[in-house]
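Descriptive structure summary
Residue-level listing of the chains:
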Amino acid sequence: DQLAEVCRKSEGFSPHLTHLRTHKRLPSSKKSCTENQPRMRSPETDSEHSETDSVGSSTDSQSSGLGAVRHQRRSAQRTDVFSLKAMAPRPNAGPGGWLCLLLPLALTVRLLRHATPACKDQARMQCLLTVAAGGMALETLCFFIYAFVKTGILVKCLVSLLPGVATSLSFYLLVDTSLTFAIIVGFVMTSAYQQIYIYTLRGFQRSFTYGEASVFVQGLVLFALSAIHRLGGFFCGGSWPTEEFDTLNMIMVNALFCLLVFCVALVLFPTLRKPCRFYLWTVMLLLAVTCMPVTRPLPLLALVQFLLRDQERLAILVFYMLLVVLTCLTVAWQIGSSAKANTRVRKIFHLLIVMVYIPGLIFECALLYLATGVALAAFVVLELLRLLKIPPFADRLAVAFSTFKDEKDAGELALTPFCLLIGCSMPIWMTPCPCSGDNTLALLSGILAVGVGDTAASVVGSKLGRNKWGRSSRSLEGTIAFVVSILMAVWLLEISGLVAMSQAKWFATIFAALNSALVEAFTDQVDNLVLPLIFYTIVGLA
């Protein structure tokens, strides 16, 4: 006890010495204090504790220290997640920053085109969406400067404020809105776009390039603005839709907006991802889509009346169902063969989508417009089942995805089928009053570029391609097949009387085919998304 007291006073108290009190005799009184205590704490650490601390209090302090270390590690991990290094764009592809300009250019060309009398009431909304798309493109470019260019703090502040200021001024001067509305919507929209854009690149790592993510998020924000405007105006005293296409458009906008809200809820509330709750909320979503009073009669009855009203429409619907069955059989056959699908097998889906869109655009545009919304909603729900691993469908969907994925599906998201559907449908979605009858060539942009041109280039290039383009794996023969197949398809549609062509339209078609072919030959971005926008923009100039 005397030796322990001396050690305590000279070198500091250690709880490890408390066991010395239990011994009546020390092994040797000539040994030093440090030899008789196996682990002596440093004076700096011991000075933080009082002399009366017990072994339990010391253990508690050590546990608190470990908790602080864990907290610091978690904070460091969160900091890393919210850093630019956490962004993981799709590998083996360039950044594709130029893609952020495609959607604003396409909307600008469509806005400059003379609107039909039936669509003049939508001109203001089209102008607002065009300005919004331009503001988001500017936000993307400023984000690149802010994130990847070394500049001073003043330049970074100016770059951060520029998109909101420019968008607000454009709303105020070009759309003729109030100054308060322009400032609020301009800054809120650009800020929301930037946050969604960053979270998309971080949440779906290795799925998008910077440019592809920009196109996706721009389309998402534009749809949200359009849906809020349409549904908000209706619930705040708007009139019931009377025209057939307006009724279908209201049903589709309401359904896709409810699906968007459901996806946001899944992100914010992880408890909804449990299978039982997921299926329960899916049923509630289906009820909201079919029974919400946005049309007169209710959407479900309105859809049944629309489908059964015309025999030709019913025949095309049966034809669509047969194509769906054929698609499912193709997927099942490929999965059963236990072999990964090659490029030629995947092009079967391009041909199937051509068989869906061309008859629909020419004979039943309203039915095709509705079908594109249904297909997009089905794709989103199936992808949610796969990503969230919801039984009993998740395993089968995962096998199908691994069978048909290509080199551009490097992340968890099934990017290629989404881009095929969105690329072919985007001309229909962007065009106001697409079923008015005077926009057939522009509406066929996605089908001509992806379904016809890209398919021909892939088949001919893989079979007969001998002369490769410099710095590209694509062949000259494939590029020629791309252009020739598009021109042949347009010529066949013209001589059959299905599409009216003029000299200006032929010139625009040839120019669009050449430009799209060159982009397809050299780009490493997802061509299912890029080519329709390029073709649509150039053809729209005619």
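Keep in mind that this is a model prediction, so the values were computed, not measured. Residues take numbers from 1 onward in each chain, read along the sequence in its written order. Local features in this predicted model are restricted to residues whose pLDDT is 70 or higher, and side-chain atom pairs enter the listing and the counts only when it is 80 or higher, whereas totals over whole chains, interfaces and linings include all residues. Each side-chain value is worked out from all heavy atoms of the structure, with water and hydrogens disregarded.

Details of the state of the cysteines
When the sulfur atoms of two cysteines come within 2.5 Å, that pair is taken as a disulfide. Counting across every chain of the model gives one disulfide. Covalent S-S linkage joins Cys-365 and Cys-435, the inter-sulfur distance amounting to 2.3 Å. Handedness of the Cys-365-Cys-435 disulfide follows from its S-S torsion of about -80°: it is left-handed. You can see Cys-365 sitting in helix α15 (residues 365-387) and its partner Cys-435 sitting in the loop between α17 (415-430) and α18 (440-443), a full 70 residues away along the chain. A relative accessible area of 11% means that Cys-365 is categorised as buried. Only protein chains enter the area calculation, which uses a 1.4 Å probe; residues under 20% of their type maximum are buried, those over 50% are exposed, and those in between are partly exposed. The class for Cys-435 is partly exposed, based on a relative accessible area of 31%. By definition, any uninterrupted DSSP run of H or I lasting at least four residues is a helix, any uninterrupted run of E lasting at least two residues is a strand, and each is numbered from the N terminus.

What about α17?
Residue count minus one, scaled by 1.5 Å, sets the expected span of a helix. In this model α17 runs 21 Å from its N-terminal to its C-terminal C-alpha over 16 residues, within 8% of the 22 Å that 1.5 Å per residue would give. The bend at a residue is defined as the angle formed between two axes, one fitted to the seven residues ending at that residue and one fitted to the seven starting there. Of all the bends in α17, the greatest, near 35°, is centred on Cys-424, and the proline Pro-427 appears no more than four residues after it. With 14 of its 16 residues buried, α17 lies for the most part within the structure.

Focus on unusual backbone geometry
In this chain, Arg-296 is followed by Pro-297 through a cis amide linkage whose omega measures 5°. Considering the arrangement of structural elements, one finds Pro-297 in the loop between α11 (275-291) and α12 (299-308). One non-glycine residue, Asp-176, lies in positive phi territory at about 60°. The topology assignment puts Asp-176 in the loop between α7 (153-174) and α8 (179-203). Take Asp-176: its relative accessible area is 59%, and that puts it in the exposed class. The phi dihedral of Arg-206 falls on the positive side, at around 70°, and the residue is not glycine. Looking at the secondary structure, you find Arg-206 in the loop between α8 and α9 (210-235).

What about the packing of α17 against helix α19 (residues 445-464)?
For helices, the fitted axis covers only the stretch in contact; all axes are lines through C-alpha atoms, and the angles between them, taken along N-to-C directions, range from 0 to 180 degrees. Their axes nearest at 6 Å, the elements α17 and α19 cross at an angle of 150°. The orientation of α17 with respect to α19, classified from their angle, is roughly antiparallel. The segment α17 lies against α19, with Leu-420, Gly-423, Cys-424 and Pro-427 engaging Ser-445, Gly-446, Ile-447 and Val-450. Here the residues of the contact of α17 with α19 are counted per class, giving five nonpolar, three polar and no charged. The scheme is simple: roughly parallel for angles under 35 degrees, roughly antiparallel for over 145, roughly perpendicular for 65 to 115, oblique for anything else. Contacts are assigned to residue pairs with any non-hydrogen atoms lying within 4.5 Å of each other. Ten residues, namely Ala, Val, Leu, Ile, Met, Phe, Trp, Tyr, Cys and Pro, are considered nonpolar, four, namely Asp, Glu, Lys and Arg, are considered charged, and the remaining ones, Gly among them, are considered polar.

A short note on the pattern of salt bridges
Here, a salt bridge means any Lys or Arg side-chain nitrogen found within 4 Å of an Asp or Glu carboxyl oxygen. A full pass over the atoms with the stated rule returns seven salt bridges. Linking Glu-212 and Arg-90 is a salt bridge whose minimum nitrogen-to-oxygen distance equals 2.5 Å. Of the two residues, Glu-212 sits in helix α9 while Arg-90 sits in the loop between α4 (55-81) and α5 (102-112), which places them 122 residues apart along the sequence. Given the relative accessible area of 3%, Arg-90 is considered buried. In this structure, a network of salt bridges that share partners links the residues Glu-244, Arg-309, Arg-313 and Glu-364.

Remarks on a nonpolar patch on the surface
Every patch collects residues that have over 30% relative accessible area and no salt bridge, joining them within 9 Å if they carry like charges and within 5 Å if they are nonpolar side chains (Val, Leu, Ile, Met, Phe, Trp, Tyr). Shrake-Rupley sampling with a 1.4 Å probe provides the accessible areas, and residues are treated as covered by the protein chains on show and by no other component. Together, Leu-161, Val-165, Leu-169, Tyr-172, Leu-173, Leu-174, Leu-179 and Ile-183 make up an exposed nonpolar region whose accessible area comes to about 770 Å². Among the elements that make up the nonpolar patch, the one with the highest residue count is α7 (six residues). Position of Val-165 among the secondary structure elements: in helix α7. Residue Val-165 is classed as partly exposed on the basis of its relative accessible area of 38%.

Quick word on the nonpolar core
Counting residues in each nonpolar core, the largest one holds 113 residues, and the members touching the most others are Tyr-197 and Tyr-357. Here the element with the most residues in this core is helix α6 (residues 123-148); it accounts for 11 residues. Bear in mind that the domain bounds are from an automatic or database domain assignment. Residue contributions to this core reach at least three from each of two domains, namely domain 1 (87-237) and domain 2 (240-309). Not counting residues within four places of it along the chain, the set of residues in contact with Tyr-357 comprises Leu-368, Thr-372, Leu-421, Cys-424, Ser-425, Ile-428 and Ile-447. Residue types Ala, Val, Leu, Ile, Met, Phe, Trp, Tyr and Cys, when buried and joined through side-chain atoms within 4.5 Å, form a set referred to as a nonpolar core. Core analysis: the second largest hydrophobic core is formed by six residues, Ala-227, Phe-234, Val-253 and Val-294 among them.

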